[in-house]
Amino acid sequence: MPDASWSSSTPAGASTSSDSSPASSIERLNGLLHRVAQKDRKAFALLYEATSAKLYGTVLRILPNKGLADDVVQEAFVNIWQKASQFDAGRASPITWMVTIARHRAIDEVRRQPTKRMESEDALDHTPSTEPTALDRLHHEQQSRRLDQCLEELEKDRQDMVRLAYLDGWSRSELAAHFDEPLGTVKSWLHRALKQLKGCLAS
Amino acid sequence: MTDRDDLDMLAAEFVLGTLEADERAWVARRRDHEPELDALILDWEARLAPLGDEVRPVTPDPWLLGSIERRIEALEAPGERPESEATNAQVALLHKRLRIWQWSTGLASAAALALAILLLTPVGQSPQEPPFVAVFQQNDQQPAFMLSVDLNRRQLNVLPVSAEPLPDRSYQLWIKEDSLGPDPRSVGVLNADLTLDAAALRDYDPDLLRQATFGISIEPLGGSPTGQPTSPAIHGFLYPTGQQVPQQRL
């Protein structure tokens, strides 16, 4: 059987992370990705176990259609398997790298079929679950707090725009329709908001 | 505003996700050969990544891992398993991928469907350089076309197997790869005798070709009027016909 060489059941050593600090989580994911790059399938199963809920949640939020989300997440993990050797721990955190692959695929899918997007009218209603779960702490907390603070400094509309775009995958034109503003205005708002964020994060 | 600012905003909006499909594809292509843009994109990914903490994790269905593992299995071990079993896995994989790609918006008909399956048995004789091959199969029955590609020379050869010229219709070959953007790109319209210019892939990097998927669709005479496939097309990765596993680079 094709499956024989896979051990889908939890392989030994799956729960080595009694220490769940962000640094050790990042280190563990780095190690798993390194092994995946060597085509280690057990490491792949562990990596999936550690990150699939995060990636699936990310994709489902952008693409609120289970069938499409299933497909995108599968594509993303196949892609992660293929590209693991290109992951550079010096340039990105492992979870950011993985989420980015899934996010971009989801956004590409939504841009291709914009009608699917409009199904989630109340996007912001289910926005901030401000209490991050253990896995969410993969980002250094200090960094998260800093971004929160910097977002708070933006006008409310701009904050919403950034969240609707990043978390829900809205395009400029969708934002323009929602905020009832011309496309050019939305573009310059976005640029101002992004520059302000960048400046605040750098200060 | 300086050029550098413009580039930075392009990177920022690419990461934020607000660009339209064509702009996204354009940026994705550019970053491959513009290290400055690539670095700006990575900076923005890092800046905005903590926003992802606001996403509620959702556990996927339990079958998803097995499905991913089977796809990886199929990717990694072409030719290493009994052919029928491997073929079934490939066909299932491609059916799945077809749904994902969704080229068509309702024109699907079984008769128009050309299914590409991956050829699992070696057809090339050269022991050093196994050719890369994909098979396009009609209605899951008989192969319609076979596509072989010599990656080093970037030469392709389309061989009609059971496919026949259609009156008032043309076959069109498409390529799709992440760095080319989300939409398929035309490789060329097959001639009346179902051949195609052997050099049609000359502008593509061998690494890209190794990663690309190909599809054949049935179009109005002379090719798709829209620049995109107008009938469903099925696609497959190129596979080496030998034991060599394709290098995975995107």
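Residues numbered from 1 in each chain as written. Chains lettered and ligands numbered in written order. Predicted model: local features only at pLDDT ≥ 70, side-chain atom pairs only at ≥ 80, totals over all residues. Heavy atoms only, no water.

K.L.:
Help me understand the overall build of chain B, please; the structure alone is not making it clear to me.
P.N.:
A count of helices and strands for chain B gives six helices and nine strands. Counting all 250 residues of chain B, 56% fall into the buried class. Carbon and sulfur atoms make up 51% of the accessible area of chain B, which amounts to about 10,700 Å² in all. (Helix = DSSP H or I, 4+ residues; strand = E, 2+ residues; numbered from the N terminus. Buried < 20%, exposed > 50% of the residue type's maximum accessible area, 1.4 Å probe, protein only. Areas by Shrake-Rupley, 256 points an atom, 1.4 Å probe, with all protein chains shown as cover.)

K.L.:
How do you make sense of the interface of chain A and chain B when you look at a structure like this?
P.N.:
Size of an interface: often given as the accessible area lost when the parts come together. Of the residues lining the interface, 74 residues belong to chain A; the matching set on chain B comes to 63 residues. Buried area between chain A and chain B, summed over both chains or domains, comes out near 6,500 Å², and the portion from carbon and sulfur atoms is 56%. Taken together, chain A and chain B are joined by 10 salt bridges. As a salt-bridge pair, Glu23 of chain B and Arg172 of chain A come within 3.8 Å of each other at their nearest N and O atoms. Taken together, the connections running from chain A to chain B amount to 26 residue pairs in polar contact (both at pLDDT 80 or more). When contributions to the side of chain A that touches chain B are tallied by element, the ones reaching two or more residues are α2 (41-62), α3 (66-83), α4 (94-112), α6 (141-152), α7 (156-168), α8 (172-179) and α9 (183-202) of chain A. Of the residues assigned to the side of chain A that touches chain B, the class counts are 28 nonpolar, 22 polar and 24 charged. (Contact = heavy atoms within 4.5 Å. Buried area = accessible area lost by both parts, 1.4 Å probe. Salt bridge = Lys/Arg side-chain N within 4 Å of Asp/Glu carboxyl O. Polar contact = N/O pair within 3.5 Å; in protein donor to acceptor, adjacent residues only side chain to side chain. Nonpolar A, V, L, I, M, F, W, Y, C, P; charged D, E, K, R; others polar.)

K.L.:
What should I look at first to understand the pattern of salt bridges in this one?
P.N.:
Two side chains of opposite charge can pair, provided their charged atoms sit close to one another. For the structure on display, the rule yields 21 salt bridges over all chains. Linking Asp108 of chain A and Arg24 of chain B is a salt bridge whose minimum nitrogen-to-oxygen distance equals 2.7 Å. Taken as a pair, Asp108 of chain A in helix α4 and Arg24 of chain B in helix α2 (residues 21-33) lie in two separate chains rather than in one. Take Arg24 of chain B: its relative accessible area is 3%, and that puts it in the buried class. For the salt bridge of Lys156 of chain A with Asp160 of chain A, the shortest nitrogen-to-oxygen distance reads 2.8 Å. A residue pair is termed a helical-turn pair when its members lie 3 or 4 positions apart in one helix, as Lys156 of chain A and Asp160 of chain A do in helix α7 at four residues. For Lys156 of chain A, a relative accessible area of 53% corresponds to the exposed category. Using a relative accessible area of 14% as the deciding quantity, one classes Asp160 of chain A as buried. Salt bridges here are not isolated pairs; linked through shared partners, they connect Glu75 and Arg105 of chain A together with Arg71 and Asp178 of chain B.

K.L.:
Is there a simple way to explain the pairing of strand β7 (residues 213-220) of chain B in this structure?
P.N.:
It is a general feature of regular strands that their side chains alternate between the two faces of the sheet. Residue and element names in this part refer to chain B. Most of β7 is tucked away, with seven of its eight residues classed as buried. Judged from the eight bridges that link them, strand β5 (residues 169-176) and β7 form a sheet pairing that is antiparallel. By the bridge assignment for β7, Lys176 is matched with Thr213. (Pairing = 2+ DSSP bridges.)

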